[in-house]
Amino acid sequence: MAAEPVKRITDIGPPNFEKFLHPVIKKNYGLWKYHDNLAPGVLCHVAESGDKIFTVRAASPRLLSTTTIRQFADLAEKYCGGYLRFTSRNNVEFLLDNQANIEPLKKELLALGFPVGGTNNAISNIVHTQGWVHCHSSATDASGIVKSVMDALCDRFTHEDLPAKLRIALACCLNMCGAVHCSDIAILGVHRKPPKIKHDILPKVCEVPTLIASCPTGAIRPATVDGKQSVEVVEEQCMFCANCYTVCPAMPLNDPENDGISIWVGGKVSNARSAPKFSKLAIPFIPNEPPRWPGVVDAVVNIVEVYAKNAKKFERMGEWIERIGWPKFFELTGIPFTKYHIDDFRLAGTTYARSTHIRF
Amino acid sequence: MAAEPVKRITDIGPPNFEKFLHPVIKKNYGLWKYHDNLAPGVLCHVAESGDKIFTVRAASPRLLSTTTIRQFADLAEKYCGGYLRFTSRNNVEFLLDNQANIEPLKKELLALGFPVGGTNNAISNIVHTQGWVHCHSSATDASGIVKSVMDALCDRFTHEDLPAKLRIALACCLNMCGAVHCSDIAILGVHRKPPKIKHDILPKVCEVPTLIASCPTGAIRPATVDGKQSVEVVEEQCMFCANCYTVCPAMPLNDPENDGISIWVGGKVSNARSAPKFSKLAIPFIPNEPPRWPGVVDAVVNIVEVYAKNAKKFERMGEWIERIGWPKFFELTGIPFTKYHIDDFRLAGTTYARSTHIRF
Amino acid sequence: MADEKVQTKLLDELEKGPWPSFVKEIKKARKVSPVCDDLLGQLELSYEEKVGHWKHGGIVGVMGYGGGVIGRYSDLPEKFPNVAHFHTMRINQPSGWFYTSNALRTLCDIWDRHGSGLTNMHGSTGDIVFLGTKTDELEPCFKELTEAGFDLGGSGSCMRTPSACVGKARCEWACYDTMKMCNDITHQYQDELHRPPFPYKFKFKFSGCPNDCVASIARADLSVIGTWKDDIQQNDAEVAAYAAKGLDVQDDVCGRCPTKCMKWDGKKLTINNRECVRCMHCINAMPKALAPGKERGATLLIGAKAPIVQGALLSSVLVPFVPADELMDTIKELISRVWDFWDEYGKNRERVGELIQRVGMGNFLDAIGLDPVPEMITAPRDNPYIYFKDEA
Amino acid sequence: MADEKVQTKLLDELEKGPWPSFVKEIKKARKVSPVCDDLLGQLELSYEEKVGHWKHGGIVGVMGYGGGVIGRYSDLPEKFPNVAHFHTMRINQPSGWFYTSNALRTLCDIWDRHGSGLTNMHGSTGDIVFLGTKTDELEPCFKELTEAGFDLGGSGSCMRTPSACVGKARCEWACYDTMKMCNDITHQYQDELHRPPFPYKFKFKFSGCPNDCVASIARADLSVIGTWKDDIQQNDAEVAAYAAKGLDVQDDVCGRCPTKCMKWDGKKLTINNRECVRCMHCINAMPKALAPGKERGATLLIGAKAPIVQGALLSSVLVPFVPADELMDTIKELISRVWDFWDEYGKNRERVGELIQRVGMGNFLDAIGLDPVPEMITAPRDNPYIYFKDEA
Ligand code: SRM
Ligand code: SRM
Ligand code: SRM
Ligand code: SRM
Ligand code: SF4
Ligand code: SF4
Ligand code: SF4
Ligand code: SF4
Ligand code: SF4
Ligand code: SF4
Ligand code: SF4
Ligand code: SF4
């Protein structure tokens, strides 16, 4: 026993990245001069030295079997000296020093079912979360919706003809594990019914004061149910955030008919041109429609197409909407405007139109 | 007694304005075509009919004796058929149908000590409040500061050579009776010490629950002092708004050495170009320095001059600052930036710089 | 201490300089009323001590009215007995602050008989302010005023004295008749003006166009701001004339248009009126060449106020466009619903703008029976905290 | 129910279409581990019933670590016994997500021995996610991982796995070495990563320039974003070449510059670099012609997070500019002060951004000993509620 902790390796941190760098990258590290977009999904970075590194970016479902990862490894060995990486949006990038290898690699990737693209003004991969595959908290699935939406938008991944980058993200509940709050289009799972309190287990599994404090609207109150200490929820004060459920398993909100999806638009992260922006509510609710989620797919495709047709070059979704105004966005997309669109949370007042700047 | 209320005239409302309109105005009411600025303080409005009405605008201290009002009446009779008006910024306007009367009228006004100007891109009259002349609530005087500042800026009233309109307002306490919160430059009386509670009279003159509820920061707590029911103030939680004093006379904040003046900039009301804006803190505190308030005068003149030199045509103060950025504003004016400038009230988070858009 | 020779060493400094002096005004009024000496005395003391000498108000007024008078008492009544009482009367100004010399003289005469001879022309809400009188002069002064056709304005938790820009009387840009609207609304709600019925004050201000020359968007609970729906009226010859006279149409007009919806090719100005947000800038810059369209009316905005307690508010859009000829009816209809809701749900000293923030714009619209439209907001919500209701 | 022939009628629909299918991936992994059948079974059930079937987590992990594993249990353990436990392991990725084929194979081999054969490459914080294993496989799997040079990432109230954009490895715009910084910070704070010491989670993300390719400003408690201080590097010939190739330099470059600080006369581009806010747009549009300046470093921003509880936050400026070579020391110095303050004053489950909002930026700066500068805000306060202190 005493010897154990000494031998056990801990706190070594991640492996140093340097040993995973392509020799051309290692040599020209920090000495890149410019890049070119050779084709959708194909980048060429040119170093001060004149050296070039080519990148071929392919789609990934993110949920990868070791089988597929080994296939990627095979391809990397065949064309890239074994060097590859993944991107911040979960695509896989093959790094080549030999331009001649690009086409054969692309061909193999396509044959294996991995489209090449996502660069420049394309729709790149959807950043998403666990959904019904792994999370207890989800109001909807993640991977299935991503698959359905990207099937419909695959041409927008393999072509770069949008006015600007268009980033889609999905989170399966309000915890928003992902950049959902700052995406051009965000797909967000929502509940619409208050927690169904499990009074039987509540006192055992949750601390009541912490639970009460967790509710941002103060909707949870102590209550005695069947002689046991528990809580009650003032239903009108509940806006279904599920923070109570996060701190207390006895407060599930799941509800097959009332859970679903909301769509948010116009967010961005980059500082290019305009400052980073939050996504804003476009569609409050679409029911969960497995397995192919037609409501969500249509809604997203519609917004993408209206944007593609109307925005000017270099205009991200949110920049376009700000130029034309939100009334016009609702008009062009045909999305109905409702009272749900009007903010009523903490900073609501900052969204009221406090000028006469109106388009007629 | 019974007959009294019948004879007593009440609820007649204001006199109908029509009987006070110059005949040329009456004839061309709603039929004006355009206007010209003939000189500082002199406007000419031209009707569809070709008729013209000339306006001569003169400064007023707003606090007017009946003696002076009768002098204005005399001048109106001499040059304007008896027709005159006051403006929304408390200037007096003489309405003439005979252009030849303009110069003689101007001459008499100047001789009486009433500068002509305030139109177009001039600094117009300062909208202000009562101060020590009439209000119990004031942290500073009003009329004396206005007089001192406008003495220094009188040339800016009689000339129209600023980049745009520049509106100054003054309020003697945080109640802000005036458009102080939306002015190019706002002069605002502030307290810096918490209320000095008059425990002896408090229970008699105030309702304690209302008093406690009045404090936006929850700084007031019930307390028993010398056996009597009263309140206490948690000093660190007090930001000197005086709302407690408004609802309870036993909570005065006045303090000769700690009361004074703050300066706010960049607000506007009009929808021209940019949306209306609130004024933002420029100088947190300048001591009260009667009778000529040199600290305030210098501060205002400095801001006006820096603006006049740097802003582009048609740029209001706030529009100019937004173009150059607040760091540059502080740099150009030499005003020190302090932690007081950083908002810490309800919407503070919305003022944090949430991008990397920075000028170096 | 009605001493004519009161010492005003500090205040005398404020008689110097080119700007008209309020100290001179107070001194001029000495011959009208001895209270001015005590006012000067007390003010001089304030200037010495750097502190005001007025007591927290008290409730005084005229019979049957709940407002229109601000009670004011000196905290040094022994020293300055003539300003022991020093109440102000708020007299409802005529729309647009238009007067004849006769009307002004009538007012002066009344005030000389009953008060200090000092006024504010005008208070920041818009009233004629009669500055300083004693309690027992209030009723006689009021009697003379009403006989002369004037009435009191508002104070306390009532509709406050509405005000209006000069509008159609002298401005080519007025998109509705501000002065008439102000006059008619004031007459319509005399009871609400004189007998405080509300949780707090309620102000109307009427501006004829988005320049907002009465600062209504910053200072009125209901801001009525003129605008138009069709295209800007454009006179190409006059545009060219401005350019010829040296106006930089590209940089200073088109370049400052907030939506960049104008094009200038050096000869012809083209406005994309569907993109125009009616900001007035181009019209302001070239008043002879451009003018608001012909389909005129107003935007109704609600809820402005000063910062106490939860921070200042600007009014926000309630109805994007009401045609000029429907304006009176629409305002009357809407305001009764707004006041009903505020009466029922407003807390004490809660302005209507604060109430809307507290209950949420969506619920407020439900309550007053108005459909939500995207023009009411700058952007939809960015937080996911939606109070879904069963109908959804 | 390790039935190879589990019915997946609904999920099978998700094998169709051009986008790679996660259902195919799960099916591929069947040969690795029987758990995949139960995963498919339970997921098919979720697809039928429109509801998830996972229970609220439980605390599981490897010895001596407080994080890195997310406990997960099926709520139908009888029906799907192989996913009765289905924990994920978060493996700290190498900076920039660079791998060799060998490294990937090593990872795959380990995971095939101890888990489902399913992964996420990568989780949204940046970790390699090993998706689904049983409690008693955790420790053996961890042992193999560390022996292969890999370690766990974060979960719970700890420093979370930092991540970085590709930076100097393959991007000409990197203003500091993001990958090295990410690697060094991760190694520096191994204890904080593995043994939750904080009131809540704390994330670092490193982007080499304001394009922010790891979304740090939206998703990191400390966002380190590269920038530069001197002038944009400009190659006039290449600018002309872009124009010749059809780029509309006037409208699409100058016209979209947020500060309009560029002029294009048809031949020569002039940038007023003192007005430039380093937004990257012009550089993005003409990568061969323009580049960030030579005086490079980063802006430190603090406090981003997802909406729960008080609404989402973007990070805000903490230090406008830190030269690249001082970055590591500055971050270490600052972060220790920030963590100290947060440890002492942060409430349970209060992110640092929320703490700053609650106590006020001014007080926060005092506490961590940083001087306020106007770059930290978009505008000074507009409310007059100033907490004057005696020193004032
Ligand atoms: C590989 C990757 C970084 C990494 O370490 O993994 C990357 C790489 C590059 N980014 Fe990025 N960006 C990557 C994620 C991002 C993100 C983060 C995200 O999407 O979650 C952003 C912020 C998005 C947002 O604002 O919402 C991002 C905003 C940009 C921008 C700014 C675009 C804009 O106009 O707002 C540029 C510049 C441009 O494209 O003109 C850029 C430009 C680039 C360049 C051209 C930089 C260069 O010189 O090498 C790289 C090729 C881009 C391309 O796809 O054509 N990159 N880039 C990421 C690829 C993700 C993917 O698989 O699609
Ligand atoms: C007389 C008056 C209305 C009244 O009923 O009393 C008035 C009258 C005119 N205003 Fe005004 N404005 C008057 C107060 C205002 C106010 C309210 C205030 O200052 O409290 C504003 C909003 C100020 C703000 O934004 O903070 C105001 C914002 C404007 C603007 C927009 C200016 C801008 O660029 O933001 C214009 C257009 C212009 O000047 O180009 C304008 C234009 C005009 C015109 C040219 C309209 C016209 O065609 O007749 C009038 C002559 C203006 C001049 O002074 O040159 N008027 N104007 C007010 C004169 C006050 C004074 O004595 O100085
Ligand atoms: C006389 C006047 C200032 C002036 O010199 O012009 C004035 C004077 C007072 N105002 Fe005011 N307000 C005056 C226009 C305003 C305005 C401007 C406006 O109406 O356009 C505002 C800002 C707009 C608004 O309504 O928000 C204003 C916002 C306040 C407030 C803050 C109200 C709020 O909701 O934030 C208070 C405090 C209160 O009501 O308790 C206040 C309270 C007061 C009191 C009654 C003091 C008090 O706490 O009881 C002052 C009496 C002073 C005195 O002794 O004469 N006064 N007050 C203005 C009325 C004259 C008139 O009838 O024409
Ligand atoms: C696995 C992952 C989603 C994914 O599929 O990629 C994930 C999964 C969970 N997140 Fe997350 N979060 C993940 C990245 C994020 C991100 C994105 C990021 O880090 O860039 C965010 C938004 C940024 C942020 O930190 O604010 C995020 C914001 C949350 C929150 C809300 C935190 C907040 O302060 O608002 C919770 C709720 C909580 O902490 O109690 C949360 C909680 C959770 C829990 C642990 C569920 C819970 O309530 O206990 C999820 C476990 C799911 C499961 O069973 O596997 N997760 N979570 C991501 C971590 C993978 C990795 O290590 O690489
Ligand atoms: S978004 Fe919600 S449901 Fe989805 S993985 Fe994160 S915590 Fe789980
Ligand atoms: S879901 Fe959110 S709002 Fe509803 S009770 Fe739970 S914590 Fe409160
Ligand atoms: S601003 Fe304050 S002190 Fe001045 S008049 Fe109004 S209430 Fe009185
Ligand atoms: S001055 Fe304002 S903050 Fe201070 S105790 Fe009074 S009400 Fe509260
Ligand atoms: S608000 Fe418009 S209509 Fe009224 S006076 Fe001003 S410019 Fe004229
Ligand atoms: S009114 Fe304003 S928005 Fe409309 S065209 Fe003129 S400048 Fe542009
Ligand atoms: S953030 Fe900047 S430096 Fe990093 S990859 Fe993106 S563009 Fe390159
Ligand atoms: S980086 Fe952005 S702000 Fe700077 S010159 Fe280029 S476009 Fe303008």
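Caption draft 1: Quick look at the coordination of the iron atom of ligand 1. Of all protein atoms, just one serves as a donor to the iron atom of ligand 1, and that atom is Cys-213 of chain D (SG), at 2.3 Å. Looking at the element boundaries, Cys-213 of chain D is found in the loop between strand 9 (204–207) and helix 8 (216–219).

Caption draft 2: Seen up close, the packing of aromatic side chains. Per the counting criterion, the structure on display carries 70 aromatic pairs over all chains. Judged by centre distance (4.9 Å) and plane angle (35°), the ring pair of Phe-198 of chain C and Trp-342 of chain C falls under tilted. Linking Phe-198 of chain C in the loop between helix 7 (190–194) and strand 9 (204–207) with Trp-342 of chain C in helix 12 (residues 327–345), this pair joins segments that are 144 residues apart in sequence. For the pair Phe-341 of chain D and Tyr-345 of chain D, a centre-to-centre distance of 4.9 Å together with 40° between the ring planes defines the contact as tilted.

Caption draft 3: Quick look at the coordination of the iron atom of ligand 4. Looking at the protein side alone, the iron atom of ligand 4 has one donor only, Cys-177 of chain A (SG), at 2.3 Å. With respect to the helices and strands, the residue Cys-177 of chain A is situated in the loop between strand 7 (168–171) and strand 8 (185–190).

Caption draft 4: Spatial organisation of the site of ligand 11. What surrounds ligand 11 is the set Cys-165, Val-166, Cys-171, Trp-173, Ala-174, Gly-208, Cys-209, Asn-211, Asp-212 and Cys-213 of chain D. For the shell around ligand 11, the per-class residue count stands at seven nonpolar, two polar and one charged.

Caption draft 5: View of the state of the cysteines. All names here are of chain A. Counted according to the given criterion, the structure contains two disulfides over all chains. Covalently, Cys-206 is tied to Cys-248 through a disulfide, its sulfur atoms 1.9 Å apart. Here the disulfide of Cys-206 and Cys-248 is right-handed, its torsion about the S-S bond being about 70°. Placement of Cys-206 in the loop between helix 6 (202–205) and helix 7 (208–214) and of Cys-248 in the loop between helix 8 (243–247) and strand 11 (260–265) is noted, with a sequence separation of 42 residues between them.

Caption draft 6: Quick look at the interface of chain A and chain B. With 12 residues of chain A in contact, the opposing surface of chain B contributes 12 residues. Buried surface at the junction of chain A and chain B, both sides included, amounts to about 810 Å², of which 56% is carbon and sulfur. It is Asn-271, Leu-347 and His-357 of chain A in chain A that bury the most area against chain B; as a group they hold 47% of the surface buried on that side. For the pair chain A and chain B, the number of links is zero salt bridges. Here chain A is connected to chain B by six residue pairs in polar contact (both at pLDDT 80 or more). Along the lines of polarity and charge, the residues of the side of chain A that touches chain B split into three nonpolar, six polar and three charged.

Caption draft 7: The arrangement of the packing of helix 3 (residues 66–80) of chain A against helix 4 (residues 102–112) of chain A in detail. Residue and element names in this part refer to chain A. Packing of helix 3 against helix 4 leaves a shortest axis separation of 10 Å and a crossing angle of 165°. As judged from the angle between their axes, helix 3 and helix 4 are roughly antiparallel. Between helix 3 and helix 4 the crossing geometry is right-handed. Packed against helix 3, whose contacting residues are Gln-71, Leu-75, Lys-78, Tyr-79 and Cys-80, the element helix 4 presents Pro-104, Leu-105, Glu-108, Leu-109 and Leu-112 at the interface.

Caption draft 8: Summary view of the packing of helix 6 (residues 178–188) of chain C against helix 12 of chain C. All names here are of chain C. The interhelical angle for the contact between helix 6 and helix 12, taken along N-to-C directions, is 35°, at an axis separation of 11 Å. In this structure, helix 6 crosses over helix 12, and the sense of that crossing is right-handed. In this structure, helix 6 contributes Met-181, Asp-184, Ile-185 and Gln-188 to the contact, and helix 12 contributes Leu-327, Met-328, Ile-331 and Lys-332. The class makeup of the residues in the contact of helix 6 with helix 12 is five nonpolar, one polar and two charged.

Caption draft 9: View of the interface of chain C and chain B. Listed by partner, the interface residues are 119 residues for chain C and 113 residues for chain B. Roughly 10100 Å² is buried in total at the junction of chain C and chain B, and carbon and sulfur atoms are behind 61% of that figure. Counting across the chain C and chain B interface gives 10 salt bridges. Here Asp-109 of chain C makes a salt bridge to Arg-70 of chain B, at a shortest N to O gap of 2.9 Å. Joining chain C to chain B, the criterion identifies 64 residue pairs in polar contact (both at pLDDT 80 or more). Grouping the amino acids of the side of chain C that touches chain B by side-chain chemistry returns 55 nonpolar, 34 polar and 30 charged.

What counts as what
Residues numbered from 1 in each chain as written. Chains lettered and ligands numbered in written order. Predicted model: local features only at pLDDT ≥ 70, side-chain atom pairs only at ≥ 80, totals over all residues. Heavy atoms only, no water. Donors = N, O, S within 2.8 Å, 3.2 Å for Na, K, Ca; no water. Helix = DSSP H or I, 4+ residues; strand = E, 2+ residues; numbered from the N terminus. Phe/Tyr/Trp six-rings, centres within 6.5 Å; stacked < 30°, edge-to-face > 60°. Near = heavy atom within 4 Å. Nonpolar A, V, L, I, M, F, W, Y, C, P; charged D, E, K, R; others polar. Disulfide = S-S within 2.5 Å. Contact = heavy atoms within 4.5 Å. Buried area = accessible area lost by both parts, 1.4 Å probe. Salt bridge = Lys/Arg side-chain N within 4 Å of Asp/Glu carboxyl O. Polar contact = N/O pair within 3.5 Å; in protein donor to acceptor, adjacent residues only side chain to side chain. Axes fitted to C-alpha atoms, helices over the stretch in contact; angles between N-to-C directions. Parallel < 35°, antiparallel > 145°, perpendicular 65-115°, else oblique. Left-handed = near helix turned anticlockwise from the far one by under 90°.

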